[in-house]
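Each chain, letter by letter, is given below.
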Amino acid sequence: RKVLLFVGRLARRKGVKEFLERSFPKVVAEVPEVCFAIVGENPTESMIHRDDVMGELRGIVREMRLENHVRLLGWLDSNDLAKIHRASDLLVLPVLSIKDDVEGFGIVILEAAAAGRPAVATRVGGIPHAIEDGKTGVLVEPGDYQLLSRAIINLLQNDQARLALGQHAQKRAREEFSWEFIIRKHESVLDSLMAMEAP
């Protein structure tokens, strides 16, 4: 089966509910062997996110009869998370643009990239810094569920294109986001600052 993966807290802005309702049925219609694995839980420790998104997702899965296509996996430890990234074909991050609730950099995109998996995500917050559009994944505008569905379908149906994006994503993750690279960048900044302070 083709495995589409979401990883993250089930905060409202992540857009999983809307994706499940408005995009995923189109994906199932064209890729009937697809399975959407959702890793994450409601952010119970959050001071601002109090919605029961997990409960809503369970209800949508029942109502839309998607039981054969959706797996709600809850939280996974780092070992199991690494395994599911490797078992997946494509990451989706369908984040919504919500005022006063900004999406950060998108570390989960780099985690997928480290496993050689590309991502399809919305152009929101810091996500465009984590994806090179057309090279390591695909970016779409938030709310464009037609284009989101089409991008996912195209990649799930085209193994060669998906694997090429994944290979480039993995190379970029290793070269630009490894600890070695980050240390070198910090050392370079510190050297520059010290040179400016030298008499």
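Only a predicted model underlies this, so the values are computations on that prediction, with no experimental measurement involved. (Residues numbered from 1 in each chain as written. Predicted model: local features only at pLDDT ≥ 70, side-chain atom pairs only at ≥ 80, totals over all residues. Heavy atoms only, no water.)

Q: Mind showing me how you'd approach the side chain of arginine 162 here?
A: With respect to the helices and strands, the residue arginine 162 is situated in helix H8 (residues 159–176). The contacts of arginine 162, once residues within four sequence positions are left out, are Lys2, Asp89, Leu90, Pro118, Leu155 and Leu156. (Helix = DSSP H or I, 4+ residues; strand = E, 2+ residues; numbered from the N terminus. Contact = heavy atoms within 4.5 Å.)

Q: Looking at this structure, I do not really get the side chain of serine 23. What am I missing?
A: On the secondary structure map, serine 23 appears in the loop between helix H1 (16–22) and helix H2 (24–30). By relative accessible area, which is 0% here, serine 23 ends up buried. In this structure, serine 23 is in contact with Glu18, Tyr145, Leu148 and Ser149, ignoring residues within four places of it in sequence. (Buried < 20%, exposed > 50% of the residue type's maximum accessible area, 1.4 Å probe, protein only.)

Q: Got a minute to help me understand the pairing of strand S2 (residues 35–39) in this structure?
A: Side-chain direction in a regular strand flips from residue to residue, so the side chains alternate between the two faces of the sheet. For S2, the buried fraction is high: 5 of the 5 residues fall into the buried class. The alternating pattern of S2 places Cys35, Ala37 and Val39 and Phe36 and Ile38 on opposite faces, both of which are buried. As judged from the 5 bridges shared by strand S1 (residues 3–7) and S2, these two strands associate in the parallel manner. Considered in S2, the bridge of valine 3 is made with cysteine 35. (Pairing = 2+ DSSP bridges.)

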